[in-house]
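These are the residues of each chain, in order.
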Amino acid sequence: MKPNYVPRRAAIALSILAAVGLSGSAHAQTVVDEVRCVLLSNALASKSTDAHGRQVGASVGSYFMGRLDSRDPAQVKAAIAGQNRKIVAAQAASQMNACAARASRAEARLRALAK
């Protein structure tokens, strides 16, 4: 994935999203969706120009890496190969927002269970 796939505006939007815990409409449920979230998160974590954007990318990426850990390795490998060529810069920010929203909702559910 090229470094310019997650523009600076996306990092700012993700920072705001993570801070307020907004939810998105898309839910990563398939291996392909979860791999896409990992790839987008890794790009944000490594390419963001601000510390908060890098932190959001790392946190969201960790959530989806954990989900992929229970998946069939052959399916994950195939999804990685397919997604590396399909992520489009113009759609990266909205896709990453959906990934961050999913991770945020999972965190909120866990916090509620801990009460």
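Right above here is the structure, for reference.
Here is what the cut-offs are and how they apply
Residues numbered from 1 in each chain as written. Predicted model: local features only at pLDDT ≥ 70, side-chain atom pairs only at ≥ 80, totals over all residues. Heavy atoms only, no water. Helix = DSSP H or I, 4+ residues; strand = E, 2+ residues; numbered from the N terminus. Buried < 20%, exposed > 50% of the residue type's maximum accessible area, 1.4 Å probe, protein only. Contact = heavy atoms within 4.5 Å. Areas by Shrake-Rupley, 256 points an atom, 1.4 Å probe, with all protein chains shown as cover. Polar contact = N/O pair within 3.5 Å; in protein donor to acceptor, adjacent residues only side chain to side chain. Disulfide = S-S within 2.5 Å. Core = buried A, V, L, I, M, F, W, Y, C linked by side-chain atoms within 4.5 Å. Salt bridge = Lys/Arg side-chain N within 4 Å of Asp/Glu carboxyl O.

Draft legend 1. Spatial organisation of the overall build of the protein chain. Counting secondary structure elements, the protein chain contains 5 helices and 0 strands. Each helix (α) and strand (β) of the protein chain, taken in turn from the N terminus, gives the series α-α-α-α-α. Expressed as a percentage of the 115 residues in the protein chain, the buried residues total 37%. For the protein chain, restricting intrachain contacts to residue pairs at least 6 apart in sequence, the fraction spanning at least 24 positions comes to 85%. By element, 56% of the accessible surface of the protein chain is carried by carbon and sulfur atoms, the whole surface being about 6,700 Å².

Draft legend 2. Geometry of the side chain of Ser-48. As for its position among the elements, Ser-48 is in the loop between α2 (31-47) and α3 (51-69). There is a polar contact of 3.3 Å between the side chain of Ser-48 and the backbone oxygen of Asp-50.

Draft legend 3. Up close: the state of the cysteines. Counted according to the given criterion, the structure contains 1 disulfide. There is a disulfide in this structure between Cys-37 and Cys-99, and the S-S distance comes to 1.9 Å. On the sign convention where negative is left-handed, the bridge of Cys-37 and Cys-99, at about -80 degrees about the S-S bond, is left-handed. Highlighted residues: Cys-37 in helix α2 and Cys-99 in helix α5 (residues 89-114), separated in sequence by 62 residues. The residues Cys-37 and Cys-99 share a single accessibility class, namely buried.

Draft legend 4. Here's a closer look at the nonpolar core. Of all hydrophobic cores here, the largest spans 19 residues; its most connected members are Val-31, Val-35, Val-60, Phe-64, Leu-68, Met-96 and Cys-99. Counting only elements with at least two residues in this core, the list comes to α2, α3, α4 (73-83) and α5. Examining the composition of this core, we find that 7 residues originate from one element, α2, more than from any other. The residues contacting Cys-99, other than those within four sequence positions of it, are Cys-37, Val-60 and Phe-64.

Draft legend 5. Expanded view of the pattern of salt bridges. Counting across every chain of the model gives 4 salt bridges. A salt bridge links Glu-34 to Arg-67; the nearest nitrogen and oxygen atoms lie 2.6 Å apart. Of the two residues, Glu-34 is situated in helix α2 and Arg-67 in helix α3; the sequence distance between them amounts to 33 residues. Glu-34 sits in the buried class, given a relative accessible area of 0%. Arg-67 gets classed as partly exposed once you look at its relative accessible area, which sits at 26%. Via salt bridges that share partners, Glu-34, Arg-67 and Arg-71 belong to a single interconnected network.

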